[in-house]
Amino acid sequence: MTEHTDPLGFTQHDHAHCRDHALQAAEETCAREGLSLTKQRRRVLELLLRKHKAMGAYELLDAMRDDGQPAQPPTVYRALDFLVSNGFAHKIERLNAFVACAHPGERHKPAFLLCSACGLVAEMPSQAIGAAVKAAAEELDFALERMVVEAEGLCPQCRGAAA
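Computed from a predicted model, the values in this text were never measured in an experiment.

Student: Please give an account of the overall build of the protein that cites residues and values.
Tutor: Counting secondary structure elements, the protein contains six helices and five strands. In sequence order, the protein lays out its α and β elements as α-α-α-α-β-β-β-β-α-β-α. Since a compact globule built from 163 residues should have a radius of gyration of about 15 Å, the 17 Å found for the protein is in line with a globular shape. Projected onto its principal axes, the C-alpha coordinates of the protein cover approximately 50 × 45 × 30 Å. Sorting the 163 residues of the protein into buried and exposed places 37% on the buried side. By sequence separation, contacts in the protein at least 24 residues apart represent 56% of the contacts at least 6 residues apart.

Next comes the structure, spelled out in structure tokens:
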């Protein structure tokens, strides 16, 4: 499992390259694993890649309709299920929304930093957090099955604006 140190959603970067890299990684993974990146699935991924913000299913549905693409809720939910199941997107439980994976094509278990002011979402490594929680759970004889780490606060830009 690869761990990254850059919380991509809050750093300055070439977003066009970021978007293109994620789409290419999805296409390559699908080709390698015999998966089908249908037009609808690709479109939902493209919408998630527009910004580093989480989007709900109905927000995605509206964006598709705004782009002149007729879509129904089951279509969007099936596309999201495919994207999450294959590591191209993540569900942000706190928001009941989805965000494109910052490191597609790599199996990892990220943690998320959610800006409560602007809505940006940064994906960050969770290896140390996971190890600490696992150790604490073991001390309590608790069998950890699933863990989601989502922290809310202010991103650097919003923190600077508030100062």
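What follows picks up the thread again.
Student: Summarise the packing of aromatic side chains; cite the residues concerned and give the values.
Tutor: Under the criterion given, the structure shown has two aromatic pairs. Aromatic side chains Y58 and Y77 sit 6.4 Å apart centroid to centroid with 75° between the ring planes, which places their arrangement in the edge-to-face category. In this pair, Y58 is assigned in helix α3 (residues 57–66) and Y77 in helix α4 (residues 73–85), connecting sequence segments 19 residues apart. Centroid distance F82 to F88: 6.2 Å. Interplanar angle 40°. Geometry classified as tilted. Comparing F82 with F88 shows no difference in burial state: the two are buried.

Student: Residue-level account of the pairing of strand β4 (residues 121–124), with values.
Tutor: With four bridges joining them, strand β3 (residues 111–115) and β4 adopt antiparallel strand pairing. Opposite L114, over in β4, you have V121 as the bridge partner. Adjacent in sequence and paired antiparallel, β3 and β4 are bridged by five residues, among which G119 carries a positive phi angle near 90°.

Definitions and limits used
Residues numbered from 1 in each chain as written. Predicted model: local features only at pLDDT ≥ 70, side-chain atom pairs only at ≥ 80, totals over all residues. Heavy atoms only, no water. Helix = DSSP H or I, 4+ residues; strand = E, 2+ residues; numbered from the N terminus. Rg over C-alpha atoms; globule rule 2.2 N^0.38 Å. Buried < 20%, exposed > 50% of the residue type's maximum accessible area, 1.4 Å probe, protein only. Contact = heavy atoms within 4.5 Å. Phe/Tyr/Trp six-rings, centres within 6.5 Å; stacked < 30°, edge-to-face > 60°. Pairing = 2+ DSSP bridges.

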